[in-house]
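Single-letter residue listing:
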Amino acid sequence: MNMTENGLRLAPFSMQQLPLVVDVVVPLWSPPVGDAEFKRFNVEYIVRNNIAENDYRFELTDADGTLLAAAFLARKGDVSSVDAWYERESQRFPEEWQAASGMSRTYLALMDERTLSLMNRDDIKLSLFVSRKAGAGSLILDRICGRLRSEGWKKLYLWTDCDCNWQWYGKHGFTLVQEDSYGPFSSERRDYKTYIFTKGL
């Protein structure tokens, strides 16, 4: 599946592009412990966790082949192959640092479970999308939503939290369906908020 418009190309995501996706989110999602190598490892785990073994993995590139954005979706029942990667790669880090990754793993699993519990079989979850250029995120979502609509999917779901630009979704046609606080990441000064959004296709 290729779609070219104004030199832009929507195509299946190449795992060779993964380091570029990780580059974008390392400053946002790095844990408070560990060295630079560990922080990158932990963020790469988060990204890989959101890449399911399916055909709903996309990249948007320009005419020169430069990655502009990537998006990953999951249907009910889809799985990721991240666990084997994690077990192999985490061994090089101290156990106390791995505990921080354990917190990430628990959190991701809980939020995925909450989101999937709201979905019907004809709904699909936007697990992650990353933009490397202003406006590219909207472009890739528009193109993907068109494909999903043509395939008969009814609603698009996603979850996010207060560490992300969660307000963006309300401004782009998504409806907030669940808001919660996540205790392990909260403090006396900050209530760590999580959000689940949906959008009709």
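See above for the structure.
All values derive from a computational prediction rather than experimental measurement.

Re the nonpolar core
Point 1. Within the largest apolar cluster, 33 residues are counted, with the highest numbers of intra-cluster contacts made by Val21, Trp29, Tyr45 and Val47.
Point 2. The set of elements that each furnish at least two residues to this core consists of helix H1 (18-29), helix H2 (36-49), strand E4 (67-74), helix H3 (82-89), helix H4 (95-118), strand E5 (123-131) and strand E6 (155-161).
Point 3. When sequence neighbours within four positions are dropped, the list of residues in contact with Tyr45 reads Val82, Trp85, Tyr86, Arg105 and Leu108.
Point 4. Of all hydrophobic cores here, the second largest spans 27 residues; its members include Leu8, Ala69, Ile124 and Phe197.

With respect to helix H5 (residues 136-151)
Residues separated by three or four positions in an α-helix point in the same direction, a consequence of the helix having 3.6 residues per turn.
Point 1. Spanning 16 residues, H5 covers 23 Å between terminal C-alpha atoms, matching the ideal 22 Å at 1.5 Å per step.
Point 2. Along H5, the residues classified as buried are Ala136, Gly137, Ile140, Leu141, Arg143, Ile144, Cys145 and Leu148.
Point 3. Immediately beyond the C-terminal end of H5, within one or two residues, lies Gly152, with a positive phi of roughly 95 degrees.

Let's talk about the packing of aromatic side chains
Point 1. This model, assessed by the stated rule, comprises 23 aromatic pairs.
Point 2. Here the aromatic rings of Tyr107 and Tyr192 are separated by 6.1 Å at their centres, their planes lie at 80 degrees, and the arrangement is edge-to-face. Taken together, the positions of Tyr107 in helix H4 and Tyr192 in the loop between strand E7 (175-181) and strand E8 (193-200) put the pair 85 residues apart, joining distant regions of the chain.
Point 3. Assessed through its relative accessible area of 5%, Tyr192 is described here as buried.
Point 4. Between Phe129 and Trp168, the aromatic rings sit 5.7 Å apart at their centres with planes inclined by 50 degrees, giving tilted as the arrangement. One end of the pair, Phe129, is in strand E5; the other, Trp168, is in helix H6 (residues 167-170), and 39 residues separate them in sequence.

Rules of the game
- Residues numbered from 1 in each chain as written.
- Predicted model: local features only at pLDDT ≥ 70, side-chain atom pairs only at ≥ 80, totals over all residues.
- Heavy atoms only, no water.
- Core = buried A, V, L, I, M, F, W, Y, C linked by side-chain atoms within 4.5 Å.
- Buried < 20%, exposed > 50% of the residue type's maximum accessible area, 1.4 Å probe, protein only.
- Helix = DSSP H or I, 4+ residues; strand = E, 2+ residues; numbered from the N terminus.
- Contact = heavy atoms within 4.5 Å.
- Expected span 1.5 Å × (residues − 1).
- Phe/Tyr/Trp six-rings, centres within 6.5 Å; stacked < 30°, edge-to-face > 60°.

Purely geometric numbers; function is a separate question.
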